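Working through the structure, step by step
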Amino acid sequence: LGGTFDPVHYGHLRAAVEVRERLGLGEVRMLPSANPPHRAEPAASAEHRFEMLQRATSCQDFLVPDDCEMRRTGPSWMVDTLSAFREQSPHASLVLIIGQDAANGLHRWHRWECLFALAHIAVMRRPGAASDYHGELQEQMRKRRVDDPASLTRSPAGSVIPVEITQLEISSTDIREKAEAGRSLLYLTPLPVIEYIRQHGLYAC
């Protein structure tokens, strides 16, 4: 599960827990993007974002912060990340977890066609979210779709499965704005993250 996690919040964490439960995953690796190629540079450094993620997941051993993208130079292309995982585990069933909005724009990802050879793709869908695929992406998503989580264990990669998750109206942008304004962050992100933000003056004016 990749993202900027700037900062991580309960929306990220709850989604990871639900996808793990519904797909029967052994663990969810949470990957802070060091140099996200498709969005603006994060407000907090990769090191701060990774530390906040570690603190947020410290009580759950099945949510695993992974700094592999931080240890690479250049843009944080997901195809490179999955290629590295595949080299480590040639025959394992790997699942790339993305949101519906990201899935709709998957055709704009670097070497997106290669992703299907490296992992299954789980598309998180919130209530009311609609798919909006076009062209070759639409055909790939259609022919690769499965609905039975057990089918993911029969091959190491290549399937697409939708996963309904709980809608939590929390965003990293809102948390940063509240932090800048000196407002409370309670119940938006775990307390250790709030303490870290305050300790290091993150997102302040």
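The structure this text deals with has already been given above.
Residues numbered from 1 in each chain as written. Predicted model: local features only at pLDDT ≥ 70, side-chain atom pairs only at ≥ 80, totals over all residues. Heavy atoms only, no water.

1. So, the packing of aromatic side chains
Tallied over the entire structure, the rule returns 1 aromatic pair. Aromatic side chains Trp-112 and Phe-116 sit 6.2 Å apart centroid to centroid with 80 degrees between the ring planes, which places their arrangement in the edge-to-face category. Given a relative accessible area of 8%, Trp-112 falls into the buried group. The ring of Phe-62 carries Arg-20 above its face, with NZ or CZ at 4.1 Å from the centroid. (Phe/Tyr/Trp six-rings, centres within 6.5 Å; stacked < 30°, edge-to-face > 60°. Buried < 20%, exposed > 50% of the residue type's maximum accessible area, 1.4 Å probe, protein only. Lys NZ or Arg CZ within 6 Å of the ring centre and 35° of its normal.)

2. Structural notes on a nonpolar patch on the surface
Together, Leu-186, Tyr-187 and Leu-191 make up a nonpolar patch on the protein surface, roughly 370 Å² of accessible area in all. Looking at where Leu-186 falls in the secondary structure, it is placed in the loop between helix H7 (172-181) and helix H8 (191-200). (Patch = residues over 30% accessible without salt bridge, like charges linked within 9 Å, V, L, I, M, F, W, Y side chains within 5 Å. Areas by Shrake-Rupley, 256 points an atom, 1.4 Å probe, with all protein chains shown as cover. Salt bridge = Lys/Arg side-chain N within 4 Å of Asp/Glu carboxyl O. Helix = DSSP H or I, 4+ residues; strand = E, 2+ residues; numbered from the N terminus.)

3. Here's the deal with the packing of helix H2 (residues 46-56) against H8
Each pair of packed helices can be described by the angle between their axes along with the distance between the axes. Their axes nearest at 8 Å, the elements H2 and H8 cross at an angle of 150 degrees. As summarised for this structure, H2 and H8 are arranged roughly antiparallel, according to the angle between their axes. For the pair H2 and H8, the crossing hand works out as right-handed. Across the interface between the two elements, His-48, Glu-51, Met-52, Arg-55 and Ala-56 from H2 touch Pro-192, Val-193, Tyr-196, Ile-197, Gln-199 and His-200 from H8. Residue composition of the contact of H2 with H8, by class: 6 nonpolar, 3 polar and 2 charged. (Axes fitted to C-alpha atoms, helices over the stretch in contact; angles between N-to-C directions. Parallel < 35°, antiparallel > 145°, perpendicular 65-115°, else oblique. Left-handed = near helix turned anticlockwise from the far one by under 90°. Contact = heavy atoms within 4.5 Å. Nonpolar A, V, L, I, M, F, W, Y, C, P; charged D, E, K, R; others polar.)

4. Notes on the layout of surface pockets
When its volume is computed, the largest pocket comes out at roughly 1200 Å³. Taken together, 46 residues line the largest pocket, and the ones lying closest to its centre are Gly-2, Gly-3, Arg-39, Gly-99 and Ala-102. Secondary-structure elements contributing two or more residues to the lining of the largest pocket are strand S1 (2-3), helix H1 (10-23), helix H3 (78-88), strand S4 (95-99), helix H4 (100-104), strand S5 (120-125) and H7. In terms of residue class, the lining of the largest pocket is built from 21 nonpolar, 18 polar and 7 charged. Within this model, the second largest pocket holds a volume of roughly 480 Å³. For the second largest pocket, the lining is made up of 22 residues, of which Glu-27, Arg-29, Ser-93, Leu-94 and Val-95 are closest to its centre. When contributions to the lining of the second largest pocket are tallied by element, the ones reaching two or more residues are strand S2 (28-32), H3 and S4. With 4 residues, H3 is the single largest residue contributor to the lining of the second largest pocket. Among the residues forming the lining of the second largest pocket, the class breakdown is 14 nonpolar, 6 polar and 2 charged. (1 Å grid on protein atoms, 1.4 Å probe; cavity = no way out; pocket = protein on both sides within 12 Å on 5 of 7 lines; lining within 4 Å. Points joined across faces, edges and corners; volume = space filled by probe spheres on them.)

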